[in-house]
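Listed below, chain by chain, are the residues.
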Amino acid sequence: AAQHLPGVDPVTRADLELSAAAAEFAAGRAATAVRRCRRVAAEGATAAQLVQAALTVRGLGGPLNTDLVLLCDAALAALPEHDLAGRARVLAQRALAEWETASWAAVDAPSAEALRLAERSGSPAALAGALRAPPHPVSGVAGVSGRPGPARRRAGGEDRRQRQSR
């Protein structure tokens, strides 16, 4: 319906479509939500809207992940290099979606890059997203120590321990 509103500028139209997509996803209609997000991406959305479109639908298995990978690619292409938090969140989402459609080997680099960018950005939301990405790059015996540090930083645990030791 948002696409048919007369006199509504494209940015507002995309915002309305993204709100509707979030509502569709919350109501359990993931395929409809993905279609709305793809429509926003196809109609020349802003970088922020492309990020929102890429992150609206999450935590799914199955073929919709192919669409999520494409949404993430569009968002990454639009995001400036200096937006570390945005890039980290989208890379983490892409790694999760690709993991469902490809193989572990395909997600090693994006997953590690998401974590690296999230840590550099200092954004708790980016770090939370990066920690949800497939953990293969730091899994196994060699990577056991790789995740607790970022996880503690996300939870603020290092800050609390440092304050308590003073």
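The following refers to the structure shown. (Residues numbered from 1 in each chain as written. Predicted model: local features only at pLDDT ≥ 70, side-chain atom pairs only at ≥ 80, totals over all residues. Heavy atoms only, no water.)

1. Here we look at the side chain of Glu98
Argument step 1. Its place among the elements puts Glu98 in helix 5 (residues 84-101).
Argument step 2. Among the polar contacts made by the side chain of Glu98, one reaches the side chain of Arg94 at a distance of 2.3 Å. (Helix = DSSP H or I, 4+ residues; strand = E, 2+ residues; numbered from the N terminus. Polar contact = N/O pair within 3.5 Å; in protein donor to acceptor, adjacent residues only side chain to side chain.)

2. Comments concerning the pattern of salt bridges
Argument step 1. On inspection of all chains with the given rule, the structure shows 9 salt bridges.
Argument step 2. Notably, a salt bridge pairs Arg39 with Glu17, separated by 2.8 Å at the nearest N-O pair. Of the two residues, Arg39 sits in helix 2 (residues 30-42) while Glu17 sits in helix 1 (residues 10-26), which places them 22 residues apart along the sequence.
Argument step 3. The partner of Arg87 in a salt bridge is Glu81, with the nearest N and O atoms 3.6 Å apart.
Argument step 4. For Arg87, a relative accessible area of 13% puts it in the buried group.
Argument step 5. Through salt bridges with shared partners, a single network forms among Glu17, Glu24, Arg29, Arg36 and Arg39. (Salt bridge = Lys/Arg side-chain N within 4 Å of Asp/Glu carboxyl O. Buried < 20%, exposed > 50% of the residue type's maximum accessible area, 1.4 Å probe, protein only.)

3. Points about the packing of helix 2 against helix 4 (residues 64-78)
Argument step 1. Where helix 2 contacts helix 4, the two axes come as close as 10 Å, and the packing angle between them is 25 degrees. The orientation of helix 2 with respect to helix 4, classified from their angle, is roughly parallel. For helix 2 against helix 4, the interelement crossing comes out left-handed. Taken together, the residues of helix 4 that come into contact with helix 2 (itself represented by Ala30, Ala31, Val34, Cys37, Arg38 and Ala41) are Leu64, Asp67, Leu68, Leu70 and Leu71. (Axes fitted to C-alpha atoms, helices over the stretch in contact; angles between N-to-C directions. Parallel < 35°, antiparallel > 145°, perpendicular 65-115°, else oblique. Left-handed = near helix turned anticlockwise from the far one by under 90°. Contact = heavy atoms within 4.5 Å.)

4. Some details on the environment of Gly61
Argument step 1. Counting through the fold element by element, Gly61 comes out in the loop between helix 3 (47-56) and helix 4.
Argument step 2. For the pair Gly61 and Trp99, spaced 38 residues apart in the sequence, the C-alpha separation amounts to 9.3 Å.

5. Things to note about the side chain of Glu17
Argument step 1. Residue class for Glu17 comes out buried when judged on its relative accessible area of 3%.
Argument step 2. Within polar-contact distance, the side chain of Glu17 engages the side chain of Arg36 at 2.7 Å.

6. Observations regarding the nonpolar core
Argument step 1. Counting residues in hydrophobic clusters, the biggest one holds 39 residues, and the most contacted among them are Val57 and Val90.
Argument step 2. Counting only elements with at least two residues in this core, the list comes to helix 1, helix 2, helix 3, helix 4, helix 5, helix 6 (104-121) and helix 7 (124-132).
Argument step 3. Tallying contributions element by element places helix 5 first for this core, with 7 residues.
Argument step 4. With sequence-adjacent residues up to four places away left out, Val90 is seen in contact with Val51, Leu55, Cys72, Ala75, Leu76 and Leu79. (Core = buried A, V, L, I, M, F, W, Y, C linked by side-chain atoms within 4.5 Å.)

7. Some remarks on helix 4
Argument step 1. Here helix 4 is 15 residues long and its end C-alpha atoms lie 22 Å apart, about the 21 Å a rise of 1.5 Å per residue gives.
Argument step 2. Residues of helix 4 that are buried in the fold lie against helix 2, helix 3 and helix 5. (Expected span 1.5 Å × (residues − 1).)

8. Here we look at helix 1
One turn of the α-helix equals 3.6 residues, which is why residues spaced by three or four share an orientation.
Argument step 1. With 17 residues, helix 1 ought to run about 24 Å at 1.5 Å a step, and its terminal C-alpha atoms sit 24 Å apart, in line with that.
Argument step 2. Along helix 1, the residues classified as buried are Arg13, Ala14, Glu17, Leu18, Ala21, Glu24 and Phe25. In a view along the axis of helix 1, the buried residues occupy a sector of 135 degrees, so they form one face of it.
Argument step 3. Of the residues flanking the start of helix 1, the one acting as N-cap is Asp9, its side-chain oxygen 3.2 Å from the backbone nitrogen of Val11.
Argument step 4. Positive phi appears at Gly28, one or two residues downstream of helix 1, with a value of about 90 degrees. (Arc of directions from axis to C-beta.)

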